[in-house]
Amino acid sequence: MVFVGAGTAAALWVNSVNDTLTKGQKSATELDEINDVLVKTTSFDEPFYMMLIGSDARADDESMGARSDTNIVVRVDPTTNSATLVSIPRDTMINIDGYGYCKFNAAYSYGGAALAIKEASELLGVNISHYAEVDFDSLIGLVDTVGGVDVTVDQRINDPDADGSVIGQKKIIIEAGEQHMDGETALVFARSRAYADGDFTRTANQRKLIAALAEKILSMPLAKLPGIVQTAAGSITTDMSVTDLYSLATQFQDGGELTMASCMVPSITGMYKSASYVFCDENALASMMQTIEAGGDASEITGATSKLAQQLGVK
């Protein structure tokens, strides 16, 4: 009876966490639309693509969550214990059916996670099998749950807009070099765009943070994973179940050290109708995705031109 009771309690816990993790605040219609655009793989025995969508909704401005602030497509390869993160700058110009030329982050506003996944798939030319939508504010708890993360900071961050001190919140300064970050510090690191190139450095920092978090989780005993998943369920909505996540983590732990690569869609910047946009270098992107698909390092591939920008007369 004790064993039966324990098994029942475990099953109830899994079902409860699964409901929170896979449904979040989404309606049944939204979940159906997401599942319609995902191209599921049959198992975790082959490489697949997963999209990470980040929102940065502030408590004092609900409208900030209406667009995807972070868009990263990850090629996960369990066969080589590797992953490659590809950032799509939020200001990247795309042509959305029914809306015309827009910035990439508008896709989420018009059609939620489903449209963001669809546009990312078309831009990169890959099938996306899974997704995870992250609330960066809630991510503080997840970083603290794993005991913080270690990240190399390239330049000192003193950004009142990122830490909220401009409106009276706690002042957080991050020095350059190797830093151990708690949740609050990690959030500032992910938010700040006070750089000469603005969003480009910020996307690189977000990839660093995600890589550090993944490495930290995979370095922990599997016995701690249920608690981590339960915490994550409060900040992440995904199509992957508790069983899926446990299976994937086990596979990666058994495979040895995780290798992670990081890059951004090769792009140029320009003005179109008085608004600043990022324009994808189509040829460089095709080369990048071929390199990634072959398991190579595409981090040095950068943008130099754009057919779309030329077509629109952008200088």
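Here, the structure is the one placed above.
Residues numbered from 1 in each chain as written. Predicted model: local features only at pLDDT ≥ 70, side-chain atom pairs only at ≥ 80, totals over all residues. Heavy atoms only, no water.

## Structural notes on the overall build of the chain
Looking only at helices and strands, the chain has 11 helices and 12 strands in total. Over its C-alpha atoms the chain spans a radius of gyration of 20 Å, differing by no more than 12% from the 20 Å that the globule rule assigns to 315 residues. Along the three orthogonal principal directions, the C-alpha set of the chain runs to about 75 × 45 × 40 Å. Burial analysis of the chain (315 residues in total) assigns 47% to the buried set. Across the chain, every contact between residues at least 6 apart in sequence was considered, and the portion connecting residues at least 24 apart equals 68%. A total accessible area of about 15,000 Å² is found for the chain, and carbon and sulfur atoms account for 52% of it. (Helix = DSSP H or I, 4+ residues; strand = E, 2+ residues; numbered from the N terminus. Rg over C-alpha atoms; globule rule 2.2 N^0.38 Å. Buried < 20%, exposed > 50% of the residue type's maximum accessible area, 1.4 Å probe, protein only. Contact = heavy atoms within 4.5 Å. Areas by Shrake-Rupley, 256 points an atom, 1.4 Å probe, with all protein chains shown as cover.)

## Points about the side chain of Thr185
Note on placement: Thr185 falls in helix α6 (residues 183-191). Apart from residues lying up to four places away in sequence, Thr185 is in contact with Ile172 and Ile174.

## A few points about the pairing of strand β3 (residues 82-87)
Burial analysis of β3 places 6 of its 6 residues in the buried class, the great majority of the element. Here β3 shows a buried face lined by Ser82, Thr84 and Val86 and a second buried face lined by Ala83, Leu85 and Ser87. Relative to β3, strand β2 (residues 70-77) runs antiparallel, the two being bridged by 6 bridges. Pairing of Arg75 across the sheet is with Thr84, part of β3. Between β2 and β3, which pair antiparallel and follow one another directly, the connecting turn spans 4 residues, one of which, Asn81, has a positive phi of 55°. Sheet topology note: the β3/strand β10 (residues 259-264) ladder contains 6 bridges and is parallel. Pairing of Ser87 across the sheet is with Met264, part of β10. (Pairing = 2+ DSSP bridges.)

## Some points on the side chain of Arg90
Mapped onto the elements of the fold, Arg90 is located in the loop between β3 and β4 (93-96). The contact partners of Arg90, leaving out residues within four places of it in the chain, are Ser68, Asp69, Asn71, Lys103, Phe104, Asn105, Arg193, Asp199 and Arg202.

## With respect to the pattern of salt bridges
Tallied over the full model, the rule gives 15 salt bridges. Asp69 is the partner of Arg90 in a salt bridge, and the nearest nitrogen-oxygen pair spans 2.9 Å. Of the two residues, Arg90 is situated in the loop between β3 and β4 and Asp69 in the loop between β1 (48-55) and β2; the sequence distance between them amounts to 21 residues. On the basis of relative accessibility, which here comes to 19%, the residue Arg90 falls in the buried class. In this structure, the salt-bridge partner of Asp199 is Arg202, at a minimum N-O distance of 2.9 Å. One end of the pair, Asp199, and the other, Arg202, are both in helix α7 (residues 199-218), 3 residues apart, so they sit about a helical turn from each other. We note that Asp199, like Arg202, is buried. Each of Asp69, Arg90, Arg193, Asp199 and Arg202 takes part in one network of salt bridges that share partners. (Salt bridge = Lys/Arg side-chain N within 4 Å of Asp/Glu carboxyl O.)

## Topic: the sheet that holds β10
Reading across from one edge, β9-β6-β1-β2-β3-β10 is the order of the 6 strands in this open sheet, with mixed pairing throughout. The sheet terminates laterally at β9 (236-238) and β10, the two strands that pair on one side only. Pairwise comparison of adjacent strand axes, ignoring direction, gives a mean angle of 20° for this sheet. Pairing between strand β6 (residues 130-135) and β9: 3 bridges, direction antiparallel. Following the sheet pairing, Val134 is matched in β9 by Ile236. Lying on the sheet, α7 is in contact with β1, β2, β3 and β10; it crosses β10 at an angle near 165°. (Axes fitted to C-alpha atoms, helices over the stretch in contact; angles between N-to-C directions.)

## So, unusual backbone geometry
With a phi angle near 55°, Asn81 is a residue other than glycine that sits in the positive phi range. Looking at the secondary structure, you find Asn81 in the loop between β2 and β3. Residue Ser274 is not a glycine yet carries a positive backbone phi of 70°. For Ser274, the location among the structural elements is in the loop between β11 (267-272) and β12 (275-280).

## Some words on empty space enclosed by the protein
Counting across every chain of the model gives 5 cavities of 30 Å³ or more. Taken as a whole, the largest cavity holds about 850 Å³ of empty space. Met50, Leu52, Ala214, Ile217 and Leu245 are the residues nearest the centre of the largest cavity, which is lined by 31 residues in total. Of the residues that constitute the lining of the largest cavity, the class distribution is 30 nonpolar, 1 polar and no charged. (1 Å grid on protein atoms, 1.4 Å probe; cavity = no way out; pocket = protein on both sides within 12 Å on 5 of 7 lines; lining within 4 Å. Points joined across faces, edges and corners; volume = space filled by probe spheres on them. Nonpolar A, V, L, I, M, F, W, Y, C, P; charged D, E, K, R; others polar.)

## Some thoughts on a negative patch on the surface
Taken together, the side chains of Glu30, Asp32, Glu33 and Asp36 make up a negatively charged region of the molecular surface. With respect to the element layout, Asp36 can be found in helix α2 (residues 28-37). (Patch = residues over 30% accessible without salt bridge, like charges linked within 9 Å, V, L, I, M, F, W, Y side chains within 5 Å. Lys, Arg positive; Asp, Glu negative; His and termini not counted. Charge placed at Lys NZ, Arg CZ, Asp CG, Glu CD.)

## Considerations on the environment of Met51
By the element assignment, Met51 lies in strand β1. You can call Met51 buried: its relative accessible area is 0%. A sequence separation of 152 residues divides Met51 from Thr203, and the C-alpha atoms of the two residues are 14 Å apart. In this structure Met51 touches Asn71, Ile72, Val73, Phe104, Ala116, Ile117, Ala120, Ile128, His130, Tyr131 and Ala132, once residues within four positions along its chain are discounted.

Geometry only, nothing functional implied.
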